[in-house]
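Structural overview
Residues per chain, in single letters:
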There are 2 protein chains.
Amino acid sequence: MKSDSLQTLKEKGHRITQARSAIIELLENTDRPIAAKSLYTMLERIGIKVNITTVYRELEFLLQENIIEKVPLKDTELHYEMKGRPHHHHLLCTSCGNIEDIALESEHTLLEEAHTVSAYNIKRHSLAFYGQCPKCQ
Amino acid sequence: MKSDSLQTLKEKGHRITQARSAIIELLENTDRPIAAKSLYTMLERIGIKVNITTVYRELEFLLQENIIEKVPLKDTELHYEMKGRPHHHHLLCTSCGNIEDIALESEHTLLEEAHTVSAYNIKRHSLAFYGQCPKCQ
DNA sequence: ATGTTAATTGCAACTTAATTGCATTGTACT
DNA sequence: AGTACAATGCAATTAAGTTGCAATTAACAT
Ligand SMILES: [Mn+2]
Ligand SMILES: [Mn+2]
Ligand SMILES: [Zn+2]
Ligand SMILES: [Zn+2]
């Protein structure tokens with residue numbers, strides 16, 4: 001029942017703290033990217049007292065451990081989500097802020113073209129869509 | 001010889017100031033997205049003394065006037081470039097910071113799929129590639 | 001040319017996300 | 001229990017960007 005990521009971290013010699021477990025659990029059980037402050041609020045709500053600094057540090061740590069990834073959706077703050085799920089991107093509702101996943105078959109073709117067309121050695125990419133969700137239309 | 005954007009602004013009743021002309025000219029003559037601070041430095045170099053606040057305010061103004069657009073390439077600062085050129089995206093070299101344009105034929109297909117697959121009313125999107133430029137490989 | 005008016009600007013203060021130093025705490029292991 | 005050092009809290013700091021307000025100045029009319 002314990003998270004796979006936690007297990008891995010422990011094996012690597014990292015400690016399993018209340019904050020760490022909770023943050024990983026929240027990230028695992030939320031199906032959309034989360035911002036640091038939002039994560040902090042969620043922790044508060046479930047009764048876990050951590051400093052916002054710890055949240056930032058933990059996110060940085062999880063990034064380095066390749067457990068989560070950055071999701072740049074807004075100009076003002078970064079979002080984060082678990083790695084390892086099938087590759088996908090996101091839709092952000094510009095009215096209510098709702099975020100949804102979107103996976104695109106034709107992305108393959110796009111990436112191939114990018115590799116062909118460019119002399120860069122492309123390592124990663126960022127893609128996001130903006131518009132209004134069904135409810136806000 | 002005077003910029004088209006400037007003409008349009010003047011006709012709309014906006015003033016043509018030293019800062020405004022210079023900023024538009026720099027944006028028009030630079031083939032890559034520019035960050036506010038970088039723009040500020042470029043202005044300094046050509047001997048135009050403006051406060052960084054003015055640069056931010058002018059960028060905000062040009063956004064509202066639909067003359068430039070935001071280009072989110074970095075987590076830390078926004079870039080801006082002229083609108084109106086053929087639709088394209090960008091490559092950022094993670095080693096030297098160099099930025100290049102990239103236009104992709106197959107983007108059409110991708111956007112169509114996005115519209116089909118999603119219930120969102122998609123208005124815009126953001127796409128960027130990260131890797132190493134030829135010189136840095 | 002000079003005057004008038006509102007757009008623009010500079011400056012200082014402020015906001016907000018994120019980072020850092022350092023002393024303290026707590027996890028993991030013996 | 002005792003030890004070591006990873007993790008944390010707290011305060012200070014950094015950096016992008018914003019805002020209020022008084023001073024400046026472009027544009028236009030006289
Ligand atoms: Mn997702
Ligand atoms: Mn470009
Ligand atoms: Zn919505
Ligand atoms: Zn490079």
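Located above this text is the structure these notes cover.
This report concerns the structure included in the present document. Predicted model only: the values in this text are computed from it and were never measured. (Residues numbered from 1 in each chain as written. Chains lettered and ligands numbered in written order. Predicted model: local features only at pLDDT ≥ 70, side-chain atom pairs only at ≥ 80, totals over all residues. Heavy atoms only, no water.)

Quick word on the interface of chain B and chain A
Contact with chain B, which involves 39 residues of that partner, is made by 39 residues of chain A. When chain B packs against chain A, the two sides together hide about 3200 Å² of surface, and 63% of this comes from carbon and sulfur. Taken as a group, Leu110(B), Tyr120(B) and Tyr130(B) account for 23% of the area that chain B buries against chain A, more than any other trio of residues on that side. At the boundary of chain B and chain A, one finds two salt bridges. Contributing elements (two or more residues each) for the side of chain B that touches chain A: strand 4 (89–93), strand 5 (99–102), helix 5 (107–117) and strand 6 (121–132) of chain B. No other element matches the twelve residues that strand 6 of chain B contributes to the side of chain B that touches chain A. By residue class, the composition of the side of chain B that touches chain A is 21 nonpolar, ten polar and eight charged. By the bridge criterion, eleven bridges tie strand 6 (residues 121–132) of chain A to strand 6 of chain B in an arrangement that is antiparallel. (Contact = heavy atoms within 4.5 Å. Buried area = accessible area lost by both parts, 1.4 Å probe. Salt bridge = Lys/Arg side-chain N within 4 Å of Asp/Glu carboxyl O. Helix = DSSP H or I, 4+ residues; strand = E, 2+ residues; numbered from the N terminus. Nonpolar A, V, L, I, M, F, W, Y, C, P; charged D, E, K, R; others polar. Pairing = 2+ DSSP bridges.)

Some details on the sheet that holds strand 1 (residues 34–35) of chain B
Residues and elements named next belong to chain B. Across the sheet, which stays open at both edges, the three strands sit in the order 1-3-2 with antiparallel pairing between neighbours. Of all strands in the sheet, those bounded by a partner on one side alone are strand 1 and strand 2 (68–71). The pairing of strand 1 with strand 3 (residues 79–82) spans two bridges and is antiparallel. Pairing of Ile-34 across the sheet is with Tyr-80, part of strand 3.

Topic: the packing of helix 2 (residues 18–29) of chain A against helix 4 (residues 52–64) of chain A
Residue and element names in this part refer to chain A. Two elements in contact, helix 2 and helix 4, have axes whose closest approach is 11 Å; the angle formed by their N-to-C orientations is 70°. Between helix 2 and helix 4, the interaxial angle falls into the category roughly perpendicular. The crossing of helix 2 and helix 4 is right-handed. On helix 4, the residues that touch Ala-19, Arg-20, Ile-23, Ile-24 and Leu-27 of helix 2 are Thr-54, Val-55, Glu-58, Leu-59, Phe-61 and Leu-62. Of the residues belonging to the contact of helix 2 with helix 4, the class tally is eight nonpolar, one polar and two charged. (Axes fitted to C-alpha atoms, helices over the stretch in contact; angles between N-to-C directions. Parallel < 35°, antiparallel > 145°, perpendicular 65-115°, else oblique. Left-handed = near helix turned anticlockwise from the far one by under 90°.)

Quick look at the layout of surface pockets
In this model, the largest pocket occupies a volume close to 1000 Å³. Taken together, 42 residues line the largest pocket, and the ones lying closest to its centre are Lys70(B), Val71(B), Pro72(B), Arg124(B) and Ser126(B). The leading source of residues in the lining of the largest pocket is strand 6 of chain B, at six residues. Residue composition of the lining of the largest pocket, by class: 18 nonpolar, twelve polar and twelve charged. What the second largest pocket holds in volume is close to 840 Å³. Around the second largest pocket, the lining is made up of 37 residues, and of these Glu69(A), Lys70(A), Pro72(A), Arg124(A) and His125(A) lie nearest the centre. Elements represented by at least two residues in the lining of the second largest pocket include exactly helix 4, strand 2 (68–71), strand 3 (79–82), strand 4 (89–93), helix 5 (107–117) and strand 6 of chain A together with strand 6 of chain B. (1 Å grid on protein atoms, 1.4 Å probe; cavity = no way out; pocket = protein on both sides within 12 Å on 5 of 7 lines; lining within 4 Å. Points joined across faces, edges and corners; volume = space filled by probe spheres on them.)

Section: the protein's contact with DNA strand D
Around DNA strand D, the surrounding shell holds 21 residues, and the nearest of these are Arg15(A), Thr17(A), Arg20(A), Thr54(A) and Ile16(B). Near the protein, meaning within 4 Å, the atoms of DNA strand D are sugar or phosphate in a fraction of 59%, with bases accounting for the rest. The separation between a base oxygen of DNA strand D and a polar side-chain atom of Arg57(A) is 2.9 Å. Ile16(B) has a polar backbone atom sitting 2.8 Å from a phosphate oxygen of DNA strand D. Only helix 2 and helix 4 of chain A together with helix 4 (52–64) of chain B provide two or more residues apiece to the surface near DNA strand D. Broken down by class, the residue content of the surface near DNA strand D amounts to five nonpolar, seven polar and nine charged. (Near = heavy atom within 4 Å. Polar contact = N/O pair within 3.5 Å; in protein donor to acceptor, adjacent residues only side chain to side chain.)

Some details on the protein's contact with DNA strand C
Near DNA strand C you find 21 residues, and of these Arg15(A), Arg15(B), Thr17(B), Arg20(B) and Thr54(B) are the closest. Taking the atoms of DNA strand C that fall within 4 Å of the protein, sugar and phosphate contribute 60% of them. Take Leu78(A): an N or O atom from its main chain is 3.1 Å from a phosphate oxygen of DNA strand C. Within the contact set of DNA strand C, a phosphate oxygen lies 3.3 Å away from a backbone nitrogen or oxygen of Lys49(B).

Topic: a negative patch on the surface
Residue and element names in this part refer to chain A. Together, Asp-4, Glu-11, Glu-25 and Glu-28 make up a negatively charged patch on the protein surface. Sorting the residues of the negative patch by element identifies helix 1 (4–11) and helix 2 as the ones contributing at least two each. Of note, Glu-28 is situated in helix 2. (Patch = residues over 30% accessible without salt bridge, like charges linked within 9 Å, V, L, I, M, F, W, Y side chains within 5 Å. Areas by Shrake-Rupley, 256 points an atom, 1.4 Å probe, with all protein chains shown as cover. Lys, Arg positive; Asp, Glu negative; His and termini not counted. Charge placed at Lys NZ, Arg CZ, Asp CG, Glu CD.)

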